[in-house]
Amino acid sequence: EPEVTQTPSHQVTQMGQEVILRCVPISNHLYFYWYRQILGQKVEFLVSFYNNEISEKSEIFDDQFSVERPDGSNFTLKIRSTKLEDSAMYFCASSRLTQPQHFGDGTRLSIL
Amino acid sequence: TQLLEQSPQFLSIQEGENLTVYCNSSSVFSSLQWYRQEPGEGPVLLVTVVTGGEVKKLKRLTFQFGDARKDSSLHITAAQPGDTGLYLCAGAQPDRGSTLGRLYFGRGTQLTVWP
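Keep in mind it's a predicted model, so treat the numbers as computed, not measured.

Draft legend 1. Expanded view of the overall build of chain A. Each helix and strand in chain A was counted, giving zero helices and eleven strands. In sequence order, chain A lays out its α and β elements as β-β-β-β-β-β-β-β-β-β-β. Against the 2.2 N^0.38 benchmark of 13 Å for 112 residues, chain A shows a C-alpha radius of gyration of 13 Å, consistent with a compact globule. In terms of overall dimensions, chain A has a C-alpha envelope of 40 × 25 × 25 Å along the principal axes. A total of 112 residues make up chain A; the buried ones form 46% of that total. In chain A, the share of contacts with a sequence separation of at least 24, taken over all contacts with a separation of at least 6, comes to 53%. Of the roughly 5,700 Å² of accessible surface on chain A, 45% is carried by carbon and sulfur atoms. Charged side chains of chain A number 10 positive and 14 negative; the gap between the two group centres comes to 1 Å.

Structural data, given as structure tokens:
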């Protein structure tokens, strides 16, 4: 069964550094999403992306965050200057027009 | 704020018992998804319910969407140790069509089934 794949599985970064999280959505999916889950808390929506532009973003997705689909397969989340509170699991998801969202296994981001 | 409350937060039962997990909100959702999440992995989709009053069965799991599309339940019959995991409900916004757009997640129910 097709899967959403995320790399790396674990990223350790110094505070203030830039980090890029990578996702390969399911190939025939058109909608892409990023969510995060801080340890012990709910899964929270960050951003949705369709037709090469952001469809919706949450209040968490501030100017430090950006998303890009640099080629036909990858979907990336960049955090420009990481903060301690950015430490979390980051999940990528994708969906077709009328199908539910399928999630990757996540990237654990640890900010030191 | 679209808030989904799940209960109970923790559930520990013996193999063979039945259980029900609840997902409640004061908001209407166009659809509701149930996911199961294992430690270190992403949520895995179990089912999507779309129509008020809808009931879906997946082997020993029965999912129901409330008539007003504000609540849902997951019932497991004759639980097995393999059912152990974190069960999450997630609702989709009503103004975005059936399953488009952001999902609002509940906090989850951690189920442990002892042999």
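Once the structure has been displayed, the description carries forward.
Draft legend 2. Layout of the state of the cysteines. Residue and element names in this part refer to chain A. Per the counting criterion, the structure on display carries two disulfides over all chains. The residue that forms a disulfide with C23 is C92, at a sulfur-sulfur distance of 2.0 Å. Between C23 and C92 the sulfur-sulfur dihedral comes to about -65 degrees; the bridge is accordingly left-handed. Here C92 lies in strand β9 (residues 88-95) and C23 lies in strand β3 (residues 19-24), a separation of 69 residues in the sequence. The two residues C23 and C92 agree in class, both being buried.

Draft legend 3. Quick peek at the sheet that holds strand β1 (residues 5-7) of chain B. Residues and elements named next belong to chain B. Spatially, five strands are ordered β1-β3-β8-β7-β6 in an open sheet, and the strand pairing comes out antiparallel. Whereas interior strands pair on both sides, the edge strands pair on one side only; in this sheet they are β1 and β6 (55-58). Across the sheet, the axes of successive neighbouring strands diverge by a mean angle of 15 degrees, strand direction being ignored. Summarising the sheet, β1 and strand β3 (residues 19-24) pair through three bridges and their orientation is antiparallel. Opposite Q6, over in β3, you have C23 as the bridge partner.

Draft legend 4. Highlighting the packing of aromatic side chains. All names here are of chain B. If you walk through the whole model with that rule in mind, you get 14 aromatic pairs over all chains. Ring geometry for W34 versus F63: centroids 6.3 Å apart, planes at 50 degrees, classification tilted. Taken together, the residues W34 in strand β4 (residues 31-37) and F63 in strand β7 (residues 61-65) connect sequence positions 29 residues apart. A centroid spacing of 5.8 Å and a plane angle of 35 degrees characterise the contact between Y35 and F105, whose relative ring orientation is tilted. In this pair, Y35 is assigned in strand β4 and F105 in strand β10 (residues 103-105), connecting sequence segments 70 residues apart. Judged by its relative accessible area of 0%, Y35 falls in the buried class.

Draft legend 5. Expanded view of the interface of chain B and chain A. Taken together, the 23 residues of chain B in the interface contact 23 residues of chain A. Between chain B and chain A the total buried area reaches about 1,900 Å² when both faces are included, carbon and sulfur atoms providing 50% of it. Our count for the contact surface shared by chain B and chain A stands at one salt bridge. Salt-bridge contacts for E56 of chain A lead to R102 of chain B; the nearest nitrogen and oxygen are separated by 3.4 Å. Linking chain B with chain A are six residue pairs in polar contact (both at pLDDT 80 or more), by the criterion used here. Mapped onto the side of chain B that touches chain A, the elements with two or more residues apiece are β4, β5 (44-49) and β10 of chain B. With three residues, the single largest contributor to the side of chain B that touches chain A is β4 of chain B. Split into classes, the residues belonging to the side of chain B that touches chain A amount to nine nonpolar, ten polar and four charged.

What counts and how
Residues numbered from 1 in each chain as written. Chains lettered and ligands numbered in written order. Predicted model: local features only at pLDDT ≥ 70, side-chain atom pairs only at ≥ 80, totals over all residues. Heavy atoms only, no water. Helix = DSSP H or I, 4+ residues; strand = E, 2+ residues; numbered from the N terminus. Rg over C-alpha atoms; globule rule 2.2 N^0.38 Å. Buried < 20%, exposed > 50% of the residue type's maximum accessible area, 1.4 Å probe, protein only. Contact = heavy atoms within 4.5 Å. Areas by Shrake-Rupley, 256 points an atom, 1.4 Å probe, with all protein chains shown as cover. Lys, Arg positive; Asp, Glu negative; His and termini not counted. Charge placed at Lys NZ, Arg CZ, Asp CG, Glu CD. Disulfide = S-S within 2.5 Å. Pairing = 2+ DSSP bridges. Axes fitted to C-alpha atoms, helices over the stretch in contact; angles between N-to-C directions. Phe/Tyr/Trp six-rings, centres within 6.5 Å; stacked < 30°, edge-to-face > 60°. Buried area = accessible area lost by both parts, 1.4 Å probe. Salt bridge = Lys/Arg side-chain N within 4 Å of Asp/Glu carboxyl O. Polar contact = N/O pair within 3.5 Å; in protein donor to acceptor, adjacent residues only side chain to side chain. Nonpolar A, V, L, I, M, F, W, Y, C, P; charged D, E, K, R; others polar.

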